[in-house]
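# Examining the three-dimensional arrangement
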Amino acid sequence: MIKVGDYLPRTKKRILEIINLSNHWLLVKTENSKSKRDFKVRTITDTIRLKYYTPKHAHFAIDFYGKYCRNPEKSKKVFLALIEVWHKIPVNKVLEKYQETTTGLPGYTLEYILYAMNWILEQEDINFTKRSDKLQKKLDEKFKSVNISVPKNRKGSQLAVSIFCDIFKGIHPVEALLQANIDITPKFRQKL
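Residue indices begin from 1 for each chain and proceed along its sequence in written order. Totals for whole chains, interfaces and linings use all residues, but because this is a predicted model, local features are given only for residues with pLDDT of at least 70 and pairs of side-chain atoms are given and counted only at 80 or more. Only hydrogens and water are set aside; all other atoms, that is, all heavy atoms of the structure, feed into the side-chain values.

## So, the overall build of the protein
Check the secondary structure of the protein and you find 7 helices and 5 strands. Scaling as 2.2 N^0.38, a compact globule of 192 residues should have a C-alpha radius of gyration of about 16 Å, and the protein matches this with 17 Å. Dimensions of the protein, computed from C-alpha atoms along their principal axes, come out at roughly 45 × 45 × 40 Å. For the protein, the residues scored as buried account for 43% of the 192 residues in total. Counting from the N terminus, the helices are the DSSP runs of H or I reaching at least four residues and the strands are the DSSP runs of E reaching at least two. Here the radius of gyration uses the C-alpha set of atoms, whereas the globule reference equals 2.2 Å times the residue count to the power 0.38. Exposed residues in this analysis have more than 50% of their type's maximum accessible area, buried residues have under 20%, and partly exposed residues fall in between, with area computed by a 1.4 Å probe over protein chains only.

So, in structure tokens, the structure goes:
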């Protein structure tokens, strides 16, 4: 079993934090190299063979779209839960509030979404440098259109949250990701 301080196999990156999820997956925060405070989020789906992947907000955007297509009312609760976590309300408190009202939706569990997105959004804030005034104005308008206040000192994560706002408003996730100028190219491209 892995623990904080160990190196995640195949990465040579030290494990900084671990969250044990109720589905027996592990959410792991490891060192990363963009800055001193930077980290990477990994989801370990097989704790025996240590099979893992790096979750991205694009994965959660597509998952949210599937939830939205199945049940717009329940998916609204997922959206509101994500916004509360973005406002730094502890994940366990948000889970208590929304767990019951989001059961039965396809895809990722609310627990996994909130814990992973909490770290992913934090990572976006840490690595943020700047954006144009034009893009910032566009983001401000988007948040206003869905009645969401933007938490202080969360500039970096605004772009990722804006994707969920678009999907919540009925925009297809691919279009939302492209509008946000998010790179959705696979890491390993197949050569033809």
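## Description of unusual backbone geometry
Positive phi values are uncommon outside glycine, yet Lys12 reaches one of about 60 degrees. Of note, Lys12 is situated in the loop between strand S1 (7-8) and strand S2 (13-20). Take Lys12: its relative accessible area is 75%, and that puts it in the exposed class. Although it is not a glycine, His24 sits at a positive phi angle of roughly 75 degrees. Relative to the assigned elements, His24 resides in the loop between S2 and strand S3 (26-31). Overall, His24 belongs to the exposed group, its relative accessible area being 65%.

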